[in-house]
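Summary of the model geometry
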Amino acid sequence: TRVDTMTFKVEDTLGTSHSFSRTVDLASGEMAIVTLTYPVPASYGPTTLTVTGSCEGDSGSDNNKLTLTVGKADLSVTEFANQQFAEGYQISAAVENLSAVTASGITVSVVLNQENGTVLYTDVVDSLTRNEIYTGQFIIPANRLVFDENNVARVYITATSANGDAADADNTCCILLTR
């Protein structure tokens, strides 16, 4: 039996629900990729989306459901300046919220020598709205750094949000300091 059309229902935990109908033209056992556009509600924030597909004659709908969590903030950390002086270094970094969701309870940490090394500074930022940027300037005493055989020390700046992060690959910036 072929399936020509499927109906999809998208529900979120914010209280919105949308229905879509799509032409699929599937034989038994076949698969198709279907694109559904989720209209972002005005009250958008962290939510769980449940997508349920159905078609005429489907005898078992238990495997027709997909659940995913969306709506987290997305923080990104970038270095924009560092300057050496007699007793150490001044580094500057930016933390930006790339998401439409407000990031809250943000912790910005400056870690020495390795990604899970000694925490030198911690700043707490209440919140960052969409495209808002926090700029941090930090003084790193030279005697706190460990330089390798190439005279390079590493300082990591990491940002985390209490309400999670959609993509944390860009939440840490490694800054290379030379003497």
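Because the structure is predicted, anything quoted here is derived from the model rather than measured.

The rules behind these values
Residues numbered from 1 in each chain as written. Predicted model: local features only at pLDDT ≥ 70, side-chain atom pairs only at ≥ 80, totals over all residues. Heavy atoms only, no water. Core = buried A, V, L, I, M, F, W, Y, C linked by side-chain atoms within 4.5 Å. Buried < 20%, exposed > 50% of the residue type's maximum accessible area, 1.4 Å probe, protein only. Helix = DSSP H or I, 4+ residues; strand = E, 2+ residues; numbered from the N terminus. Contact = heavy atoms within 4.5 Å. Disulfide = S-S within 2.5 Å. Pairing = 2+ DSSP bridges. Axes fitted to C-alpha atoms, helices over the stretch in contact; angles between N-to-C directions. Phe/Tyr/Trp six-rings, centres within 6.5 Å; stacked < 30°, edge-to-face > 60°.

Quick look at the nonpolar core
Counting residues in each nonpolar core, the largest one holds 27 residues, and the members touching the most others are Ile91, Val108, Ile140, Leu145 and Ile157. At the level of secondary structure, the elements contributing two or more residues to this core comprise strand 5 (75-85), strand 6 (88-97), strand 7 (103-112), strand 8 (118-128), strand 9 (133-141), strand 10 (152-160) and strand 11 (172-178). At five residues, strand 7 tops the list of elements feeding residues into this core. Here valine 108 is in contact with Val95, Tyr121, Thr122, Asp123, Val125, Tyr134, Phe138, Ile157, Thr158 and Ala159, once residues within four sequence places are set aside.

Thoughts on the state of the cysteines
Summed over the entire model, instances satisfying the criterion amount to zero disulfides. Cysteine 174 provides the cysteine sulfur closest to cysteine 173, a residue in no disulfide bond, and the two sulfurs are 7.2 Å apart. Take cysteine 173: its relative accessible area is 11%, and that puts it in the buried class.

Remarks on the sheet that holds strand 4 (residues 65-70)
Pairing is antiparallel across the open sheet formed by four strands, whose spatial order is 2-1-3-4. Sheet topology places strand 2 (17-26) and strand 4 at the edges, where each strand pairs with a single neighbour. Averaged over all pairs of adjacent strands, the angle between strand axes in this sheet comes to 20°, irrespective of strand direction. Of the strand pairs in this sheet, strand 3 (residues 47-54) and strand 4 are connected by six bridges, and their pairing is antiparallel. The residue of strand 4 that forms the bridge with valine 51 is leucine 66.

Considerations on the packing of aromatic side chains
Using the criterion set out here, one finds two aromatic pairs in the structure. Seen in terms of ring centroids, tyrosine 89 and phenylalanine 147 are 6.5 Å apart; in terms of plane orientation they differ by 40°. Their pairing is tilted. Taken together, the positions of tyrosine 89 in strand 6 and phenylalanine 147 in the loop between strand 9 and strand 10 put the pair 58 residues apart, joining distant regions of the chain. A single burial state applies to tyrosine 89 and to phenylalanine 147, both of which are buried.

Comments concerning the sheet that holds strand 10
Ordered by their spatial adjacency, four strands build an open sheet running 8-7-10-11, and the pairing between neighbours is antiparallel. With one partner strand each, in any of the chains shown, strand 8 and strand 11 form the two edges of the open sheet. Direction aside, the axes of adjacent strands within the sheet are offset by 20° on average. Here nine bridges tie strand 7 to strand 8, and the two strands are oriented antiparallel to one another.

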